[in-house]
Amino acid sequence: MSDPAAPPRSLAEALRVRDDASLAVLLRSRPDLITPVPTDLTQLATRAGTRASVVRALERLDRCALQTAEALAVAADPATYDELLALMAGDEGDPAVAGALPHALATLRDQALVWGADDRLRLVRTARELLAPSPQHPSPTGLGPTVQEATAGMSPGRIQEIVTTAGLPSTHDAVSAVSSLTALFGDRRRMAALLTGAPEESREVLSRLVWGPPYGQVTADPAPRLRWLLDRGLLLPTAPGTVVLPREVALHLRAGRAHRTTEPLPPPVEASATHRPQVVDATAAGQAYTALATVEELLKDWDEGGPTVLRAGGLSVRDLKRTAVALDMSEPLAAFWVELAYAAGLLASDGEADERYAATPAYDEWLEQPAAQRWALLAETWLTATRTSGVIGGRDAKDRTLSALGPGLDRSAAPEVRHRVLTLLAGLPEGASPSAESVLARLRWERPLRGPQRDDDLRGRLARWTLGEAEMLGITGRGALSAHGRALLGMPLPEPVPEEPAGPGDKLPVHHRPAPPPEPLSPAEQATASATAARLLAPLLPEPLDHVLLQADLTAVAPGPLQRPLAAMLDVLADVESKGGATVYRFTPGSVRRALDAGRSASDLHAFLAEYARTPVPQPLAYLIDDVARRHGHLRVGAASAYVRCDDDAVLNEILADKRAAGLRLRRLAPTVLAAQADPAALLEGLRAMGFAPAAESAEGDVLITRADAHRTPPRTAPEPVPDGPPTPDATLLTAAIRAIRAGDLASTAPRKPAATGDSAAMTGGELPRTTSAETLATMQAAVLTGEALWIGYVNAEGAASQRVIAPVRVEGGFVTAYDHTADEVRTYPLHRITGVAELADDQI
């Protein structure tokens, strides 16, 4: 084995000297590395250097760590810590950068993007290829190639001319000439003297290229200001008509700094206003109650079968507009509530031939729960869902419009952004609401965009949507995180701090100390947190009332939320006229008939109003109920195609004489029976439009009772969130994975004793050992007696070959029972599947 004290020669060797805690940090931060679990540390290092894994790791670095990696990509390979610090802090130094660099470098080491000691820092090859400058892919630093790289295709004679013009002695070969020129450009004093004699126009050209892009265009006959730079190598040709500013020259002009602006610390989240915590919680509770009412109103509107499902899936633009009008809100807000109900499993398609959206059986169960628990389900669903209503109306990869409830709305980054935004709000003092721009600036620092910055980046849009949606759901109030919102994140309530109440426009000084983002909660932890949030919210919600106030103008006023039986009955008996702090219901002939169609009698309605009204039942309302009940069912409509029967033939004569009945094509079959060519439903609607109160009847002549909540989908499960890559492994999985990797690495790297035959092939660690059956059996039996460990090659029933380190315990019946150090357990292996065996060197197990 290699000397542990010697510097590592590869990433695999660097991983090999790490302890288990360090490996656990790596695997937790890059879970794709153990999907599946590598067989040994060499395979782990190989996987950590693949392009897809490195890109994923770079995308999850904060700005300071990413800038550190970018600086290493333009530094020498390997680089020293002092060289890296000079690139990050510049010649003048920056205490903030010097203080933050060790943590940033530790982050890169933890994630296996950098390896080696401080005197030999190496960026993994794939990361260097991604971040190093090239004509096709400019460096994020804006630096160009080195002098050595830029002069690779230049003739030796031209290089000697540049060296001489720059004031350097000529050399015998191009290599030493390039080295001399590089040393000149890296010497601050000599470079300052060289540039002092440069024309003003030439220095202006350098200033335009210094921060990138470092490439420029020249003609075949360059202007004097360009010729002066080309003759001294301050600009070097890379292709016909193209020149580049060498990296060493740019670094001198930048005072040694790799980035124009180094950001070692995260920008603080600034509080724009503060409110009393009680006001925040009360405002949030009011929003939570409104959220519940909105979802109920939405699904009540779709009780008898909602809009049809598009052939490609989803809700049509026209149906979304109708829903927005019914909810009295904008279409984007209506899309949000529709998607939230769908994600919570309260809404789904019914699966019929004429497929429609409708409430699910889970909706009825949800309605029976206390209000705080119903809110907790909505809030938890929103926090963890990947379906994102904000992208509705946009275009997918195939240029198709994204529709509400349709495919293509999942954005795997949404849960993480929502959790992080709320966590940042939790870091502010109680009652403090942040400025949106400071939140976005903080998120951009934590996950900077690689490449040109864009105002419409997905994480930024998700953050803006999160701030608005959290307010609508009642997780925040007046922009500040509520107590139940904090509990939803699994965070303890802050200790009360006595302070003077501040006005709504007062600024709060915020002293933010950077801390790593907390890990998202597991499903069990989230369920506990949601229950705690519901418990905190419950006292803040208005208590449901058991009464209404009847008025003489055929209206009823509900001064607050109503208990479930009362609200359900009023929804059938009356129409909602207005909402707000109090809900106004209006009684109409149509609404009373609706209650009678649902199986209620006039006496039932009188008894209901007398029980739940705090005021006497007005005479007009009593007359309305009696009048509609007296006429209700006087006409009976059944299926013939359809027929109308009535004991009073004068009523039938009136219908036949009415011109509005012409479309129903009625004819008399008997003095008390009319037949129609319309279907029963059309006949019912036509007669009701004429002012009659017909009732539908069954084939047996009984009145049919209709209920508003009759249509439900079959049982449906809520849509599963789409994960953003492999899930973060838990402690149990990490422990098992590290043990398996360590054991596999031991099997592949443990030194072996030379074979008795002197066959060196058996000693090659990259190949399976090969011995005859007799030699394998004899070695196994000897190991049982001596207790020594052996290195074996094994091929399982699926034909997969592996190397293992075992300690044989028993050999009999063609099987060997041994303690497998690779699997860390006792196993039994068929001897005929063992390709060969070799003894390990002493003191290896």
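Located above this text is the structure these notes cover.
My aim in this report is to walk through the structure given alongside it, one point at a time. (Residues numbered from 1 in each chain as written. Predicted model: local features only at pLDDT ≥ 70, side-chain atom pairs only at ≥ 80, totals over all residues. Heavy atoms only, no water.)

1. Observations regarding the overall build of the protein
Step number 1: Each helix and strand in the protein was counted, giving 33 helices and 25 strands.
Step number 2: Each of the 845 residues in the protein was classed as buried or not, and the buried ones make up 46%.
Step number 3: Taking all contacts inside the protein whose residues are at least 6 apart in sequence as the whole, residues at least 24 apart take part in 67%.
Step number 4: Carbon and sulfur atoms make up 54% of the accessible area of the protein, which totals about 41000 Å². (Helix = DSSP H or I, 4+ residues; strand = E, 2+ residues; numbered from the N terminus. Buried < 20%, exposed > 50% of the residue type's maximum accessible area, 1.4 Å probe, protein only. Contact = heavy atoms within 4.5 Å. Areas by Shrake-Rupley, 256 points an atom, 1.4 Å probe, with all protein chains shown as cover.)

2. Some thoughts on the pattern of salt bridges
Opposite charge on two side chains permits them to pair, given that their charged atoms come into close proximity.
Step number 1: For the structure on display, the rule yields 38 salt bridges.
Step number 2: Arg442 is the salt-bridge partner of Glu446, the closest N and O atoms lying 3.1 Å from each other. Taken together, the residues span about one helical turn, with Glu446 and Arg442 both in helix α22 (residues 436-446) at a distance of 4 residues.
Step number 3: We classify Arg442 as buried; its relative accessible area is 1%.
Step number 4: Salt bridges here are not isolated pairs; linked through shared partners, they connect Arg158, Glu161, Arg227 and Asp231. (Salt bridge = Lys/Arg side-chain N within 4 Å of Asp/Glu carboxyl O.)

3. Considering unusual backbone geometry
Step number 1: In this structure, the amide linkage connecting Thr35 to the following residue, Pro36, adopts the cis form with an omega of -5°.
Step number 2: Considering the arrangement of structural elements, one finds Pro36 in the loop between α2 (20-29) and α3 (41-48).
Step number 3: Residue Pro78 is bonded to the preceding Asp77 through a cis peptide linkage, with omega at 0°.
Step number 4: Phi angles above zero are rare outside glycine, and Asp399 is one such case at about 60°.
Step number 5: Looking at the secondary structure, you find Asp399 in the loop between α20 (371-384) and α21 (414-426).
Step number 6: Judged by its relative accessible area of 52%, Asp399 falls in the exposed class.
Step number 7: One non-glycine residue, Leu405, lies in the positive phi region at around 65°.
Step number 8: You can see Leu405 is positioned in the loop between α20 and α21.
Step number 9: With relative accessibility at 7%, the residue Leu405 sits in the buried group.

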